[in-house]
Amino acid sequence: MKNKKVVKLGRPVNENSERQKRLKELEFKKENGLLKRGRPVNSDSKRQKRLNELESKKVNGELKRGRPVNENSERQKKLKELESKRELGLVKRGRPKTVKTVTDEVAA
């Protein structure tokens, strides 16, 4: 195998141009973690305070999720009644059996 010279395609890059300098500076900042992008966060804002409060509640296990259950609703009353019947063994589970009648008559 012969060593062939690799030829760069396209227009040559001027390393001393303003754009290339800016790109190098951005790359340097990115590598060192100094690049800040986007809108800065105001730690004294109402939303940030609320988010911190929610995070602390989540860590402590105080944060309730979802909509609270109304124990006096018709549905909850039915569910309690069903549960109590189930505990007593009055509710049969599954699909009811079909009762088959056996006839010993022979077709004439």
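Residues numbered from 1 in each chain as written. Predicted model: local features only at pLDDT ≥ 70, side-chain atom pairs only at ≥ 80, totals over all residues. Heavy atoms only, no water.

A. Spatial organisation of the overall build of the chain. Within the chain, the regular secondary structure consists of three helices and zero strands. Ordered by position from N to C terminus, the α and β elements of the chain give α-α-α. Over its C-alpha trace the chain gives a radius of gyration of 37 Å, far above what one expects of a compact globule, namely 13 Å for 108 residues. Seen through its principal axes, the chain has C-alpha atoms that stretch 105 × 60 × 20 Å. (Helix = DSSP H or I, 4+ residues; strand = E, 2+ residues; numbered from the N terminus. Rg over C-alpha atoms; globule rule 2.2 N^0.38 Å.)

B. View of the pattern of salt bridges. Tallying each qualifying case throughout the model produces seven salt bridges. The shortest N-O distance in the salt bridge between lysine 24 and glutamate 15 comes to 3.3 Å. Note on lysine 24: relative accessible area 49%, which makes it partly exposed. Across the salt bridge formed by glutamate 71 and lysine 80, the nearest N and O atoms sit 3.4 Å from each other. You can call glutamate 71 partly exposed: its relative accessible area is 42%. Three or more residues are tied together by salt bridges with common partners; here these are Arg50, Glu53 and Lys57. (Salt bridge = Lys/Arg side-chain N within 4 Å of Asp/Glu carboxyl O. Buried < 20%, exposed > 50% of the residue type's maximum accessible area, 1.4 Å probe, protein only.)

C. How the structure looks around the side chain of glutamine 76. For glutamine 76, the location among the structural elements is in helix H3 (residues 74-88). Aside from chain neighbours lying at most four places away, what touches glutamine 76 is Val69, Asn70 and Glu71. (Contact = heavy atoms within 4.5 Å.)

D. Focus on the side chain of glutamine 20. Its place among the elements puts glutamine 20 in helix H1 (residues 18-32). Among the residues examined, glutamine 20 registers a relative accessible area of 18% and is labelled buried. With residues up to four places along the chain from it excluded, the contact list for glutamine 20 reads Val13, Asn14 and Glu15.

E. Region of interest: the environment of valine 91. Within the fold, valine 91 resides in the segment after H3. Looking at valine 91, the relative accessible area reads 27%, which means it is partly exposed. On a C-alpha basis, the gap between valine 91 and glutamate 81 in space is 11 Å, while along the polypeptide they are ten residues apart. Not counting residues within four places of it along the chain, the set of residues in contact with valine 91 comprises Leu82, Lys85 and Arg86.

F. Representation of the environment of glutamine 48 in the model. Among the secondary structure elements, glutamine 48 is positioned in helix H2 (residues 46-60). Owing to a relative accessible area of 22%, glutamine 48 belongs among the partly exposed residues under this scheme. Residues glutamine 48 and lysine 58 lie ten residues apart in sequence; the distance between their C-alpha atoms is 15 Å. For glutamine 48, the contacting residues outside a window of four places in its chain are Val41, Asn42 and Ser43.

G. Inspection of H1 at higher detail. In this model H1 runs 21 Å from its N-terminal to its C-terminal C-alpha over 15 residues, within 8% of the 21 Å that 1.5 Å per residue would give. Remark: glycine 33 follows H1 within two positions and exhibits a positive phi of approximately 75°. (Expected span 1.5 Å × (residues − 1).)

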